[in-house]
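Structure at a glance
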Amino acid sequence: MNWGSAMTLGEYILFLRSKGFKFKEDVIHFVYFGKQYTNASDDVVKAAIEITLKSQRYFDGSFYISLLENFKQHNIHSRKEAYHYIHKLGLLKKNEGA
């Protein structure tokens, strides 16, 4: 997946829908709940969605929230930092993501 940081969270969700990802309204509400719950930026939320989809192959709400909580705990504020952290944990291969 490739997205620009200028894309808002809403635009990113529409982009994913256009690529065939099926997000029901409850999932979209949950995405925004996670954003508000962790006070994460759009870029960090988009990274968490992308990492969730890549590692779980579907949107797993508990995995997504766990990522956001970990990102907050480790002061991660960008997509690049999120992917660096995830690669350090070994959740994704180095060629996936940033």
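All chains use their own residue numbering, which begins from 1 and follows the written sequence. Only residues with pLDDT of 70 or above have their local features reported here, since the model is predicted, and side-chain atom pairs are shown and tallied only from 80 upward, although totals for entire chains, interfaces and linings are computed over all residues. Heavy atoms throughout the structure, all of them, feed into the side-chain values; hydrogens and water do not.

**So, the overall build of the protein chain**
Helix and strand counts for the protein chain come out as 5 helices and 0 strands. Think of it this way: any DSSP run of H or I at least four residues long counts as a helix, any run of E at least two long counts as a strand, and we number them from the N terminus. Listing every helix and strand of the protein chain by position from the N terminus yields α-α-α-α-α. Categorising residues by exposure relies on relative accessible area from a 1.4 Å probe, with only protein chains included: less than 20% of the type maximum marks a residue as buried, more than 50% marks it as exposed, and the intermediate range marks it as partly exposed. For the protein chain, the residues scored as buried account for 42% of the 98 residues in total. Residue contacts follow a heavy-atom distance rule, with two residues in contact if any of their heavy atoms lie within 4.5 Å. Considering only contacts in the protein chain between residues 6 or more positions apart, those separated by 24 or more positions represent 52%. Summed over all atoms, the accessible surface of the protein chain reaches about 5,800 Å², with 52% contributed by carbon and sulfur. We get accessible surface area from the Shrake-Rupley algorithm with a probe of 1.4 Å; when it comes to residues, only the shown protein chains can shield them.

**Here's the deal with the packing of helix H3 (residues 42-56) against helix H5 (residues 79-89)**
Axis definition: a line fitted to C-alpha atoms, limited for helices to the stretch in contact. Angles are taken between N-to-C directions and run from 0 to 180 degrees. Close contact between H3 and H5 brings their axes to 10 Å; oriented N to C, the two are set at 35°. The chirality of how H3 crosses H5 is right-handed. Residues Ala47, Glu50, Ile51 and Lys54 of H3 touch H5, and the partners they reach there are Arg79, Ala82, Tyr83 and Ile86. Across the contact of H3 with H5, the residue classes break down as 5 nonpolar, no polar and 3 charged. Left-handed describes a crossing whose near helix is turned anticlockwise from the far helix through less than a right angle; right-handed describes the clockwise counterpart. Each residue receives one of three labels: charged for Asp, Glu, Lys and Arg, nonpolar for Ala, Val, Leu, Ile, Met, Phe, Trp, Tyr, Cys and Pro, and polar for the others, Gly being one of them.

**Examining the side chain of aspartate 60**
Take aspartate 60: it is sitting in the loop between H3 and helix H4 (61-73). No salt bridge is formed by the buried aspartate 60; the nearest opposite charge belongs to arginine 57, separated by 12 Å. Engagement of the side chain of aspartate 60 in a polar contact is seen with the side chain of serine 62, the distance being 2.9 Å. In this charge count, Lys and Arg are treated as positive and Asp and Glu as negative; neither His nor the chain ends contribute. The working definition used for a salt bridge is a side-chain nitrogen of Lys or Arg within 4 Å of a carboxyl oxygen of Asp or Glu. Any pair of N or O atoms that falls within 3.5 Å is considered a polar contact. Within protein, one atom must be able to donate a hydrogen and the other to accept it, and sequence-neighbouring residues count only if both atoms are side-chain atoms.

**Some remarks on the packing of aromatic side chains**
Two rings from Phe, Tyr or Trp (for Trp, the six-membered ring) form a pair when their centres sit within 6.5 Å of each other. Planes less than 30 degrees apart are called stacked, planes more than 60 degrees apart edge-to-face, and all others tilted. Following the criterion strictly, the structure yields 8 aromatic pairs and no others. Consider the rings of phenylalanine 30 and tyrosine 64, whose centres lie 6.3 Å apart with planes at 55°: the pair is tilted. Remark: tyrosine 64 occurs in helix H4 and phenylalanine 30 occurs in helix H2 (residues 25-38); sequence separation between them is 34 residues. Residue classification places tyrosine 64 among the buried residues on the basis of a relative accessible area of 0%.

**Regarding the confidence of the model for the protein chain**
Predictor confidence is given residue by residue as pLDDT, running from a minimum of 0 to a maximum of 100. Per-chain confidence: the protein chain averages 90 in pLDDT, with 90% of residues scoring 70 or above. Within the protein chain, the lowest mean pLDDT, 93, falls on helix H1 (residues 9-18), and the highest, 97, falls on H4.

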